[in-house]
Amino acid sequence: QVQLVESGGGLVQPGGSLRLSCAASGFTFSSYTMNWYRQAPGKERELVATITNDGGSTNYAESVKGRFTISRDNAKNTVYLQMSSLKPEDTAVYYCNSRILNPVWRHYWGQGTQVTVSS
């Protein structure tokens, strides 16, 4: 079955960096666009970054442009989110996501990983 497992979250000081990973299984990873979302307390879940199946195109929310980088390794079935110059407002649970045909099109989510930016 489809599984998305995030890791790499934690507590970091403002200005610091973290790299999140999402290990995928149960589907042909290299065929699908992958996304990172986040949800802060009391706020709606928001799309942070997207990468196409071959890694050739990426998109970012305005709030993270220039600070976050999404990448993928199709040989390892893993998508990454490198986060730099972190701000307290980046504090949220970060989720890996993809819309997959299995056997119908639907969204799949990981369990999330907590990122807390605080001094």
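Residues numbered from 1 in each chain as written. Predicted model: local features only at pLDDT ≥ 70, side-chain atom pairs only at ≥ 80, totals over all residues. Heavy atoms only, no water.

Caption draft 1: How the structure looks around the packing of aromatic side chains. A complete count under the given rule lists five aromatic pairs for this structure. Taking 6.2 Å as the distance between ring centres and 55° as the angle between the ring planes, the aromatic pair formed by Phe 27 and Phe 29 counts as tilted. Among the residues examined, Phe 27 registers a relative accessible area of 14% and is labelled buried. The class for Phe 29 is buried, based on a relative accessible area of 1%. (Phe/Tyr/Trp six-rings, centres within 6.5 Å; stacked < 30°, edge-to-face > 60°. Buried < 20%, exposed > 50% of the residue type's maximum accessible area, 1.4 Å probe, protein only.)

Caption draft 2: Representation of the sheet that holds strand E1 (residues 3-7) in the model. Spatial strand order, E1-E3-E8-E7: four strands in an open sheet with antiparallel pairing. Looking at which strands have only one partner, the edges of the open sheet turn out to be E1 and strand E7 (68-73). Shown here is a sheet whose adjacent strand axes are inclined to one another by a mean of 15°, direction ignored. Bridge count for E7 against strand E8 (residues 78-83) is six bridges, and the pairing is antiparallel. (Pairing = 2+ DSSP bridges. Helix = DSSP H or I, 4+ residues; strand = E, 2+ residues; numbered from the N terminus. Axes fitted to C-alpha atoms, helices over the stretch in contact; angles between N-to-C directions.)

Caption draft 3: Layout of the side chain of Glu 6. Here Glu 6 shows up in strand E1. Despite being buried, Glu 6 has no salt bridge partner; Arg 45 is the closest side chain of opposite charge, sitting 7.6 Å away. There is a polar contact of 2.7 Å between the side chain of Glu 6 and the backbone nitrogen of Cys 96. Within the structure, Glu 6 has its side chain in polar contact with the backbone nitrogen of Gln 111 (distance 3.0 Å). With residues near it in sequence (within four places) discarded, Glu 6 still touches Ser 21, Cys 22, Trp 36, Tyr 94, Tyr 95, Cys 96, Gly 110, Gln 111, Gly 112 and Thr 113. (Lys, Arg positive; Asp, Glu negative; His and termini not counted. Salt bridge = Lys/Arg side-chain N within 4 Å of Asp/Glu carboxyl O. Polar contact = N/O pair within 3.5 Å; in protein donor to acceptor, adjacent residues only side chain to side chain. Contact = heavy atoms within 4.5 Å.)

Caption draft 4: How the structure looks around the state of the cysteines. One pass over the full model with this rule turns up one disulfide. Between the sulfur atoms of Cys 22 and its disulfide mate Cys 96 the distance is 2.2 Å. Between Cys 22 and Cys 96 the sulfur-sulfur dihedral comes to about -80°; the bridge is accordingly left-handed. Here Cys 22 is found in strand E3 (residues 18-25), whereas its partner Cys 96 is found in strand E9 (residues 92-101), with 74 residues between them in sequence. Both residues of the pair, Cys 22 and Cys 96, count as buried. (Disulfide = S-S within 2.5 Å.)

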